[in-house]
Amino acid sequence: MNLISQYSNRLHRQAVIALWQATFGDMAGHNEPGLAIDKKLQMADGLFFVALAGDAVVGTVLAGYDGHRGWLYSVAVDPQHQRQGIGVQLIEHAEHALAERGCMKINLQIISANAQVSAFYESLGYSIEPRISMGKRVAANIPASG
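A brief report on the enclosed structure follows. (Residues numbered from 1 in each chain as written. Predicted model: local features only at pLDDT ≥ 70, side-chain atom pairs only at ≥ 80, totals over all residues. Heavy atoms only, no water.)

## What to know about the nonpolar core
As a reminder, the rule being used: What is meant by a nonpolar core is a set of buried Ala, Val, Leu, Ile, Met, Phe, Trp, Tyr and Cys residues, joined one to another through side-chain atoms within 4.5 Å. For every residue, the accessible area (1.4 Å probe, protein chains only) is compared with the maximum for its type, and the residue is labelled buried under 20%, exposed over 50%, or partly exposed between those bounds. The helix count covers DSSP runs of H or I at least four residues long, the strand count covers runs of E at least two residues long, and both are numbered beginning at the N terminus. Whether two residues are in contact is decided by their heavy atoms: any pair within 4.5 Å suffices.
Within the largest apolar cluster, 19 residues are counted, with the highest numbers of intra-cluster contacts made by Phe49, Val61, Leu72 and Leu90. Counting residues per element, this core draws most heavily on helix α3 (residues 86-100), at six residues. Apart from residues lying up to four places away in sequence, Leu90 is in contact with Ile4, Phe49, Val50, Ala51, Gly59, Thr60, Val61, Ala76 and Val77. Val16, Trp20, Val50 and Val57 belong to the second largest nonpolar core, which has 13 residues in total.

Here it is in structure tokens:
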């Protein structure tokens, strides 16, 4: 059993950045790990969790809640620690935190290139919904990459 803990910028930042780079690869500017961490910390909502094996960060989940719906983001497990139940622990921990805030429905999105992970989420009770996901980047808030 791994420990699921609140993210600590001082203790976990570099390890989370390395994990996200290893699991998500090259990311668009709005998903750059350092920027994503800083933006999440600005929310001060207590919905950023890490899975620890000893002192090592082996997984992450960010959750969000707007008073209507909850969302899960940046679910990542170190490839060397996958298939050990860490992803399940992270999801369940985030679900519990959202439920405690009154959340009635939790959403997540899967990048089409990673569609095979849908079976994992389906095993946890998530289902594919007939929706079209749309997004718009706010360029003024995304630093230019060098």
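There's plenty left to go through after this.
## Here's the deal with the environment of Gly59
Tracing the backbone through its elements, the reader meets Gly59 in strand β3 (residues 56-65). We classify Gly59 as buried; its relative accessible area is 0%. In sequence terms Gly59 and Gly85 are 26 residues apart; their C-alpha atoms lie 11 Å from each other. Among all residues touching Gly59, those that are not within four sequence positions of it are Leu19, Phe49, Val50, Ala51, Ala76, Val77 and Leu90.

## Side note on helix α2 (residues 33-43)
Quick note on the threshold: Distance and chemistry together define a polar contact, namely a pair of N or O atoms within 3.5 Å, with one atom able to donate a hydrogen and the other to accept it when in protein, and with adjacent residues in sequence counting only for side-chain atoms on both sides.
Buried within α2 we find Pro33, Gly34, Leu35, Ala36, Ile37 and Lys40. The secondary structure elements touched by the buried residues of α2 are α1 (9-24), β2 (48-53) and β3. At the N-terminal boundary of α2, the capping side chain belongs to Glu32, with an oxygen 3.0 Å from the backbone nitrogen of Gly34. Among the residues trailing α2, Ala44 stands out with phi positive, at a value near 45°.

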